[in-house]
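# Structural description and commentary
Take a look at the letters that make up each chain.
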Amino acid sequence: CCGARRLYMPFTFPTPWQPPVEPGQAFRESCTMQAIVSGVVGGGAGLVLGAVLTPLNSQLQQETEHLPLREQMRRGVREMGSQSRSWGKNLLVIGAVFSVSECFVEKSRGRSDRWNSIFGGCLTGGVLAAGAGPQAMGVGCAGFAAFSAAIDALGFGHFD
């Protein structure tokens with residue numbers, strides 16, 4: 001009573017699960033949806049990058065200089081499509097794997113900070129290099145983690 005402090009917290013029963021108040025909240029917090037959105041955005045960016053970078057890296061000019069213009073154009077468009085698909089698939093996979101690994105790390109740690117992207121980058125590098133053995137997985141982990149840390153340090157991440 002008179003000035004005594006309680007040394008215990010009153011017991012409260014857990015509340016049942018409440019649906020999100022905002023309709024898009026569940027969509028944004030779902031690791032699956034984040035992976036899908038990141039994969040689609042990464043794939044689209046890869047398609048564009050493939051189309052833009054193909055002429056800069058193409059060997060077709062030396063191979064087709066003696067062919068008619070129509071055949072040169074046909075081969076150029078074919079190579080551009082091939083490179084765009086390749087870039088698109090690669091960036092789709094990288095975006096989806098990074099997004100889902102970062103989301104899983106955040107959910108398992110229960111925190112939202114820059115370490116999530118670093119650990120997520122490490123997981124991504126390890127997963128993408130899994131077919132090349134443990135040493136490559138370690139290098140991939142270190143490389144993707146360092147890249148994620150650099151992106152956050154430069155201010156391109158979502159944390160201050």
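Located above this text is the structure these notes cover.
Here is what the cut-offs are and how they apply
Residues numbered from 1 in each chain as written. Predicted model: local features only at pLDDT ≥ 70, side-chain atom pairs only at ≥ 80, totals over all residues. Heavy atoms only, no water. Axes fitted to C-alpha atoms, helices over the stretch in contact; angles between N-to-C directions. Helix = DSSP H or I, 4+ residues; strand = E, 2+ residues; numbered from the N terminus. Parallel < 35°, antiparallel > 145°, perpendicular 65-115°, else oblique. Left-handed = near helix turned anticlockwise from the far one by under 90°. Contact = heavy atoms within 4.5 Å. Nonpolar A, V, L, I, M, F, W, Y, C, P; charged D, E, K, R; others polar. Expected span 1.5 Å × (residues − 1). Buried < 20%, exposed > 50% of the residue type's maximum accessible area, 1.4 Å probe, protein only.

## Details of the packing of helix H5 (residues 114–128) against helix H6 (residues 134–153)
- In contact at an axis separation of 7 Å, H5 and H6 are set at 150 degrees when each is read in the N-to-C sense. In terms of their interaxial angle, H5 and H6 are classed as roughly antiparallel. Taken as a pair, H5 and H6 cross one another with a handedness that is right-handed. Contact residues: H5 offers Arg114, Ser117, Ile118, Gly121, Cys122, Thr124, Gly125, Gly126 and Leu128, while H6 offers Met137, Gly140, Cys141, Phe144, Ala145, Ser148, Ala149, Asp152 and Ala153.
- Class assignment for the residues of the contact of H5 with H6 results in nine nonpolar, seven polar and two charged.

## Quick word on H5
- The terminal C-alpha atoms of H5 lie 21 Å apart, and with 15 residues this matches the ideal 21 Å at 1.5 Å per residue to within 8%.
- Three or more residues of H5 are buried, namely Asn116, Ser117, Ile118, Gly120, Gly121, Thr124, Gly125 and Gly126.
- The elements touched by buried residues of H5 are helix H4 (69–109) and H6.

## Re the packing of H4 against H5
- At a closest axis distance of 8 Å, the pairing of H4 and H5 adopts a crossing angle of 130 degrees. When the interaxial angle is binned, H4 and H5 end up oblique. Judged by the twist between their axes, the crossing of H4 over H5 is right-handed. Residues Val93, Ile94, Val97, Phe98, Ser101, Glu102, Val105, Glu106 and Arg109 of H4 form the contact with H5, whose participating residues are Trp115, Asn116, Ser117, Phe119, Gly120, Gly121, Leu123, Thr124, Val127 and Leu128.
- In terms of residue class, the contact of H4 with H5 is made up of 10 nonpolar, six polar and three charged.

## Re H4
- Spanning 41 residues, H4 covers 59 Å between terminal C-alpha atoms, matching the ideal 60 Å at 1.5 Å per step.
- Turning to H4, its buried residues are Ser84, Gly88, Gly95, Ala96, Ser99, Ser101, Glu102, Cys103 and Val105.
- In this structure, the buried side of H4 is in contact with helix H1 (25–29), helix H2 (31–57) and H5.
- Residue glycine 110 follows H4 closely and has a positive phi angle near 75 degrees.

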